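The lines below spell out each chain.
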Amino acid sequence: MARGEGSEQFSSGLLPTDKTVNQDGIKIAKLPPQQERKRALTVWSKVCFAIGGAPYQITATALGFFLQIFLLDVALLDPLNASVILFAGRAWDAVTDPAVGFLISRSPWTRHGRMMPWILMSTIPAVLCYFLIWVVPPIEQGKMMWYLLFYCLFQTLQTCFHVPYSALTMFISNKQQERDSATAYRMTVEVLGTVIGTAVQGQIVGMANTPCINNTTPTNSSSHSVHGNNSQILLDNKVFNERRAYMIASAVISLIYVLCAVVLFFGVREQDNQGGLKAQKHVSFQTGLRLVMGHGPYVKLVLAFLFTSLAFMLLEGNFAVFIKYTLGFREDFQNILLVIMLSATLTIPMWQWFLCRFGKKTAVYIGIPWAGPFMILVVCVKSSLLVSYIVSIAAGASVAAAFLLPWSMLPDVVDDFKVQNPTSQGHEAIFYSFYVFFTKFASGVSLGVSTLALSFAGYVTGVCVQSDSVNLTLKILVSAAPVSLIVLGLLIFKMYPINEERRQYNNKQLQLLLRNEEQESEMEALKPDITA
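Residues numbered from 1 in each chain as written. Predicted model: local features only at pLDDT ≥ 70, side-chain atom pairs only at ≥ 80, totals over all residues. Heavy atoms only, no water.

### Side note on the overall build of the chain
A count of helices and strands for the chain gives 18 helices and 3 strands. Per-residue burial over the chain gives 55% buried out of 532 residues. Taking the intrachain contacts of the chain between residues at least 6 apart in sequence as the baseline, contacts between residues at least 24 apart amount to 85%. When the accessible surface of the chain is totalled, it reaches about 23600 Å², and 65% of it is carbon and sulfur. (Helix = DSSP H or I, 4+ residues; strand = E, 2+ residues; numbered from the N terminus. Buried < 20%, exposed > 50% of the residue type's maximum accessible area, 1.4 Å probe, protein only. Contact = heavy atoms within 4.5 Å. Areas by Shrake-Rupley, 256 points an atom, 1.4 Å probe, with all protein chains shown as cover.)

### With respect to the nonpolar core
Counting residues in hydrophobic clusters, the biggest one holds 144 residues, and the most contacted among them are Phe-70, Trp-134 and Leu-168. If one sorts the elements of this core by residue count, helix α11 (residues 296-326) sits on top with 17 residues. When near neighbours in sequence (up to four residues on either side) are disregarded, Leu-168 contacts Phe-49, Met-115, Met-116, Leu-264, Val-268 and Glu-270. (Core = buried A, V, L, I, M, F, W, Y, C linked by side-chain atoms within 4.5 Å.)

### Let's talk about the packing of aromatic side chains
Counted under the stated rule, the structure contains 23 aromatic pairs. Taking 5.5 Å as the distance between ring centres and 10° as the angle between the ring planes, the aromatic pair formed by Trp-134 and Tyr-246 counts as stacked. Of the two residues, Trp-134 sits in the loop between α6 (116-133) and α7 (143-167) while Tyr-246 sits in helix α9 (residues 222-267), which places them 112 residues apart along the sequence. Just as Trp-134 is buried, Tyr-246 falls in that class too. (Phe/Tyr/Trp six-rings, centres within 6.5 Å; stacked < 30°, edge-to-face > 60°.)

### Examining empty space enclosed by the protein
What the rule picks out here adds up to 7 cavities of 30 Å³ or more. If you add up the space inside the largest cavity, you get close to 590 Å³. As for the largest cavity, its lining consists of 29 residues, of which Gln-57, Phe-312, Met-313, Glu-316 and Phe-403 are closest to the centre. Contributions of two or more residues to the lining of the largest cavity are made by α4 (54-73), α8 (176-206), α11, α12 (333-358), α15 (385-420) and α16 (428-457). In terms of residue count, α11 provides more of the lining of the largest cavity than any other element does, 8 residues in total. Considering only residue class, the lining of the largest cavity consists of 18 nonpolar, 8 polar and 3 charged. (1 Å grid on protein atoms, 1.4 Å probe; cavity = no way out; pocket = protein on both sides within 12 Å on 5 of 7 lines; lining within 4 Å. Points joined across faces, edges and corners; volume = space filled by probe spheres on them. Nonpolar A, V, L, I, M, F, W, Y, C, P; charged D, E, K, R; others polar.)

### Details of the side chain of Thr-451
Structurally, Thr-451 is set in helix α16. Side-chain polar atoms of Thr-451 contact the side chain of Gln-68, separated by 2.7 Å. (Polar contact = N/O pair within 3.5 Å; in protein donor to acceptor, adjacent residues only side chain to side chain.)

### Some details on a nonpolar patch on the surface
Taken together, the side chains of Val-487, Leu-488 and Leu-491 define a hydrophobic patch exposed on the protein surface, amounting to about 260 Å² of accessible area. Residue placement: Val-487 occurs in helix α17 (residues 468-493). Residue Val-487 is classed as partly exposed on the basis of its relative accessible area, which comes to 45%. (Patch = residues over 30% accessible without salt bridge, like charges linked within 9 Å, V, L, I, M, F, W, Y side chains within 5 Å. Salt bridge = Lys/Arg side-chain N within 4 Å of Asp/Glu carboxyl O.)

### Some words on unusual backbone geometry
One non-glycine residue, Leu-76, lies in the positive phi region at around 60°. Along the chain, Leu-76 falls in the loop between α4 and α5 (79-105). Residue class for Leu-76 comes out partly exposed when judged on its relative accessible area of 47%.

### A short note on the confidence of the model for the chain
With 80% of its residues at a pLDDT of at least 70, the chain reaches an overall mean of 78. Predicted confidence is poor over residues 215-224, with pLDDT under 50, and the contacts of this stretch with residues over four places away or in other chains come to 1 contact. (pLDDT = per-residue confidence, 0-100.)

### A closer look at helix α14 (residues 372-380)
Looking only at α14, the buried set comprises Gly-372, Met-375, Val-378 and Val-379. What you see down the axis of α14 is that its buried residues fit within an arc of 130°, all on one side. Opposite the buried face of α14, by more than 90 degrees, sit the exposed residues Pro-373 and Cys-380. Where α14 is buried, its residues contact α11, α15 and α17. (Arc of directions from axis to C-beta.)

### So, the packing of helix α13 (residues 360-367) against α15
A pair of packed helices can be characterised by two numbers: the angle between their axes and the separation between those axes. The geometry of α13 relative to α15 is characterised by a closest axis approach of 10 Å and an angle of 155° between their N-to-C directions. Considering the angle they form, α13 stands roughly antiparallel to α15. Here α13 and α15 pass one another in a crossing that is left-handed. Where α13 approaches α15, its residues Lys-360, Ala-363, Val-364 and Gly-367 are matched on the opposing element by Ser-398, Ala-401, Leu-405, Ser-408, Met-409 and Asp-412. The class makeup of the residues in the contact of α13 with α15 is 5 nonpolar, 3 polar and 2 charged. (Axes fitted to C-alpha atoms, helices over the stretch in contact; angles between N-to-C directions. Parallel < 35°, antiparallel > 145°, perpendicular 65-115°, else oblique. Left-handed = near helix turned anticlockwise from the far one by under 90°.)

Structure, rendered in structure tokens:
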């Protein structure tokens, strides 16, 4: 056997580790048990894998629902400065995704795999930066830079966690059915993570709401001056309590983040599903990017979900402010948000059954636009707490579909690419990182544009009632704009070519390719040792 061949076998995990002697006295290699047969993915492994997705959703939900209102009403930043922080942080986060994806694709394979070391090493610095995002610094001039710095640092470190975790889907099993099942587990836990994020952040903060400031006519009387001083002291105390509540909530979420990362690391074994292809020569980032972005199904899928993700992120980023000011439910907004996430969690299994029964494209056409009529209803009907809860329950079902379907369909696109490009493998991290890039870019645009729109409309921090122009802007941001974006995304999705027949064909082709590689590896490993 040539030296180069032996090196390639070793690098791909195919080098025999044991030898036996046949009846003629010739030493032959014995295949390792994992090479002889790939074990089925256990329920425990699926659960541990799913738990690893919770940190991203817990922190993303807390930031998505509460960071804007925290910066405006607790940190007391100008809306323009808040919009710069939200957009710049998300834009930076989006830029880091392809870079991290490329670095991961070039990372060496370790005994823990290629993805797991990234996940483990980024966890502690990420939770530290996350906690500091919710701290109001004792400085006034550098407050904006404080939030921008730690927001960008956290997004970078979380990228080092989330991109390898997303790509890990392709390395927990080589069977499409098992990956789909693991994805359903993951989406269920991730939506449960949004519930946890909403509940922890919302309920802790909800117990210490910042009081609003009533606009009163100025007066020079001494009695009013004393009353004003007392009110200001009371206001300062309540603001301090709310700032402390945000810090407590962030500490609890940070602890959950670490625990989930530990469960993922010890509960999931990363597999090399590339077979003999793993030893192939690495391509440059530009070549890999050109191959990935030149794959038509991937581009259409990403564009479609880019617009639908932007729709739901606009709703997520502004719904708390909309409930608080436009609907007037200051004491109930955190409970309404919690109902949305609970509804989403409970409907994830339904959508998993639906896409298995009727196909993924059909699930997109039914699940994504489901929230549209209710988005319109909530701004057309007179403010009613009961209607708000009904809309929240219905909208949660659509949020569940928006969570589940992209991550369930991305492996189909990667498989389609492998079938069409059998000699170019190992681009999973690029596929996933660019999808995450576009969704985070959409999030940055939604947060930045919406906060800027509120600034132009005349949003005032801390007041009880906002102007009519602010309320109109909020109605557009949670209804008209998201519905339009959903329609646009569905129109693009009509061009997506991977249906159930093509998906099954790709699955059979990949299984055949893998079987051929295993047979070749077995024949190579059974060659007699003629060194004697």
